[in-house]
Amino acid sequence: MTSYIEEHKERFIEELKDMLRIPSVSADAAYKKDVLRMADLTLQSLLDAGVDTAELCETPGNPIVYGEKIIDPSKPTVLVYGHYDVQPADPVELWHSPPFEPVIKNGKIIARGSADDKGQFYMHVKAFELMMRTDSLPCNVKFMIEGEEEVGSGGLSWFVPRNKEKLKADVVLISDTSLIANDVPSITTGLRGLSYLEVEVIGPKRDLHSGVYGGAVANPINVLCDMISSLLDEDGHITIPGFYDSVMELSKEEREEMNKAPFDLEEYKRELDVKAVKGEKGYTTLERASIRPTLDVNGIWGGYIGEGAKTVLPSKAFAKISMRLVPNQTSEAITKLFKDHFESIAPDYVTVKVHPHHGGEAVVTALDSAAYRAASRAMEATFGKKPIPTRGGGSIPIVALFKKELDLDSILMGFGLDSDDIHSPNESYGIFNYLKGIETIPYFFKYFAE
Ligand code: BES
Ligand code: MN
Ligand code: MN
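Given the structure is predicted, the values throughout are model-derived calculations rather than measurements.

Conventions adopted
Residues numbered from 1 in each chain as written. Chains lettered and ligands numbered in written order. Predicted model: local features only at pLDDT ≥ 70, side-chain atom pairs only at ≥ 80, totals over all residues. Heavy atoms only, no water. Helix = DSSP H or I, 4+ residues; strand = E, 2+ residues; numbered from the N terminus. Buried < 20%, exposed > 50% of the residue type's maximum accessible area, 1.4 Å probe, protein only. Contact = heavy atoms within 4.5 Å. Lys, Arg positive; Asp, Glu negative; His and termini not counted. Charge placed at Lys NZ, Arg CZ, Asp CG, Glu CD. Core = buried A, V, L, I, M, F, W, Y, C linked by side-chain atoms within 4.5 Å. Domains from an automatic or database assignment. Buried area = accessible area lost by both parts, 1.4 Å probe. Salt bridge = Lys/Arg side-chain N within 4 Å of Asp/Glu carboxyl O. Nonpolar A, V, L, I, M, F, W, Y, C, P; charged D, E, K, R; others polar. Pairing = 2+ DSSP bridges. Axes fitted to C-alpha atoms, helices over the stretch in contact; angles between N-to-C directions. Near = heavy atom within 4 Å. Polar contact = N/O pair within 3.5 Å; in protein donor to acceptor, adjacent residues only side chain to side chain. Areas by Shrake-Rupley, 256 points an atom, 1.4 Å probe, with all protein chains shown as cover. Arc of directions from axis to C-beta.

S.K.: How should I be thinking about the overall build of the chain in this particular structure?
M.R.: In terms of helices and strands, the chain carries 12 helices and 18 strands. Dimensions along the principal axes, computed over C-alpha positions, put the chain at roughly 80 × 50 × 45 Å. The proportion of buried residues among the 450 residues of the chain is 52%. The long-range share in the chain, meaning contacts at least 24 apart out of those at least 6 apart in sequence, stands at 78%. Side-chain charges of the chain comprise 49 positive and 69 negative groups, with the mean position of each set lying 1 Å from the other.

S.K.: Help me out: how do you make sense of the nonpolar core in this one?
M.R.: In this structure, V78, I411, M413, Y434, I438, F444 and F445 are the most contacted members of the largest nonpolar core, which totals 60 residues. Listed by contribution, the elements that provide at least two residues to this core are α1 (2-20), α2 (32-49), β3 (77-83), α3 (114-133), β6 (140-146), β7 (171-174), α10 (370-383) and α12 (431-449). The residues touching F445, leaving out its near neighbours within four places in the chain, are V78, V80, M131, L137, P138, C139, N140, V141 and L173.

S.K.: Teacher, can you tell me more about the domain arrangement of the chain here?
M.R.: Reports of interface size often rely on the accessible area that becomes lost once the parts have come together. For the chain, the assigned domains read domain 1 (2-191 + 362-449) and domain 2 (193-247 + 293-360). Its C-alpha centre places domain 1 at a distance of 35 Å from the equivalent point of domain 2. The interface of domain 1 with domain 2 comprises 10 residues on the first partner and 9 residues on the second. Summing both partners gives a buried area of about 640 Å² for domain 1 against domain 2, and 59% of it is carried by carbon and sulfur. If you sort the residues of domain 1 by the area they bury against domain 2, A362, S395 and P397 come out on top, with a joint share of 58%. Where domain 1 touches domain 2, the interface holds 0 salt bridges. Classifying every residue of the side of domain 1 that touches domain 2 by side-chain character gives 5 nonpolar, 4 polar and 1 charged.

S.K.: What's the story with the side chain of E148 in this structure? I'm lost.
M.R.: Here E148 shows up in the loop between β6 and α4 (154-162). We note that E148 is buried and unpaired, the nearest opposite charge coming from K32 at a distance of 6.8 Å. If sequence neighbours within four positions are ignored, E148 has contacts with S26, T59, G61, N62, D85, S153, G154, G155 and L156.

S.K.: Even after reading the chapter, I still don't get the sheet that holds strand β18 (residues 428-430), so can you show me in this structure?
M.R.: Two modes of strand pairing occur in sheets, parallel and antiparallel, and in both the strands are linked by backbone hydrogen bonds. Pairing within the open sheet is antiparallel, and its 3 strands lie in the order β4-β5-β18. Of all the strands in the sheet, the pair left with one neighbour each is β4 (103-105) and β18. In this sheet, neighbouring strand axes are inclined to one another by 30° on average, regardless of whether the strands run parallel or antiparallel. Here 3 bridges tie β4 to strand β5 (residues 108-110), and the two strands are oriented antiparallel to one another. Looking across to β5, one finds that V103 is bridged to I110.

S.K.: How should the sheet that holds strand β10 (residues 193-202) be read in this particular structure?
M.R.: With respect to topology, 4 strands assemble into an open sheet ordered β11-β12-β10-β13, the strand pairing being antiparallel. Strand pairing shows two members of the sheet lacking a second neighbour, β11 (294-302) and β13 (351-360), which therefore form its edges. Between one strand axis and the next, the sheet turns through 20° on average, direction left out of account. Note: β11 against strand β12 (residues 316-325), 8 bridges, orientation antiparallel. What sits directly across from D296, in β12, is S322. Along the sheet face, helix α5 (residues 220-229) touches β10, β11, β12 and β13 and points at about 20° away from the line of β12.

S.K.: Looking at this structure, I do not really get the site of ligand 1. What am I missing?
M.R.: Among the 16 residues in the neighbourhood of ligand 1, the closest are listed as E149, D176, R324, S395 and H423. The separation between an oxygen atom of ligand 1 and a polar side-chain atom of H83 is 3.2 Å. In this structure, an oxygen atom belonging to ligand 1 sits 3.0 Å away from a side-chain N or O atom of D116. A total of 520 Å² of accessible area belongs to ligand 1 in isolation, and the protein chains cover 89% of it.

S.K.: Which parts of the structure should I look at to understand unusual backbone geometry?
M.R.: With the exception of glycine, the majority of residues adopt a negative phi angle, and the majority of peptide bonds are in the trans configuration. Following D116, the chain continues to D117 via a peptide bond in cis, the omega torsion being 5°. In this structure, D117 sits in helix α3. Within the chain, D407 stands out as a residue other than glycine whose phi angle is a positive 55°. Following the sequence through the fold, D407 ends up in the loop between α11 (398-406) and β16 (410-412). The phi dihedral of D421 falls on the positive side, at around 60°, and the residue is not glycine. Secondary-structure assignment places D421 in the loop between β17 (416-417) and β18. Under the relative-accessibility criterion, D421 is labelled partly exposed at 33%.

S.K.: What exactly am I supposed to notice about α4 here?
M.R.: Since one α-helical turn is 3.6 residues long, residues separated by three or four positions face the same way. Where α4 is concerned, the buried positions are G155, L156, F159 and V160. Down the axis of α4, the buried set is contained in an arc of 120°. They therefore lie on one face. Looking at the buried positions of α4, the neighbouring elements they touch are β1 (53-57), β2 (64-69), β3, β6 and α11.

Dropping the structure here:
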């Protein structure tokens, strides 16, 4: 197995670089052609690796790349999920090399999508190729690679309930999360949910001279800032009434267990260049970033933001706000709580509008399943250490839907690192991680099939 990787690794890297050259940004319609080109390339890669059939499945959004290799219908089936779309590269000026011209530096491939998720889903394609060429595929495999994960998986949410028969499987295998460190393997056993919305604060009907009218008419940006800052109190608690009502609290034992995971706060601060961390009182950094819900402004704008100074009292102010959710909060209920609350705290000198975007539900996966044990043994085989179960802070909303619609559990066996800078400038993915994933995946198939 390692000899096949050793022999072909240069090609594996070149093929990934070809994928990274396609700017398959799902958030921006200007990249639609590239998104479709990326879908075609993904499809071709499955065919080249040896699937029986592969197709592009149309959805109301971007196509889903589907392929399968059925060696024996009586054997178990692994459904591999990943996404070929990427986040926008902005702010482009902060990249040290162009985001869609992959380069290798210090053992890492640098490009938008390298870790999230092209480098990670492509490990599965190459691991499948390896199993095909070395005649060691022990069970059936289905691939489902979507093109809208970064914008809420609308197309896939449409596709899954309509294709239950096609997607029949025994487990979903996903590499779209991180390890604790390259020498501290881990498996993600939970993801947070998400409620994402945009707010609009409207003041006077036109932009005004901030000297002529300033002080006499409410400034929507000032009002928006006041409203946002009232959403969190000094202890970092969210003040929306009812927000915590359905939050599942962990037992003292569970919290102790999770805080045993290796974590160095000094190193964490140093890596982020912050003097201190900040979060909800009564919880550790590990807990704040995984088992607790949050509220964050993701973007805020209005008025004049061009060069120099323009004196203006703007007519409108906007912000994009996300809330990360935990079991058993639901995205729909929290979105409604936010909307009702935000509208209720609006002073009468402005009008407030709340526009919900996408959302998703949190998940927690079982540690006592055959699939988890297979993943754990696979990582132990290649890392030489048993992986630690960790709850992740990010969201992959479709995972909850796999459970609901297909009654399938997912295994989140990711190989990235938090320092890969996913969604940030200079995203990267370690060659070590890429090859380690290709090496580990066949072990998962082997142990799961047993
Ligand atoms: N791969 C990430 C999710 C992730 C990253 C989970 C790291 C755990 C650790 C995924 O592509 C992502 O970015 N998801 C979005 C949600 C989506 C609805 C836009 C997120 O978490 O912001
Ligand atoms: Mn991802
Ligand atoms: Mn992402």
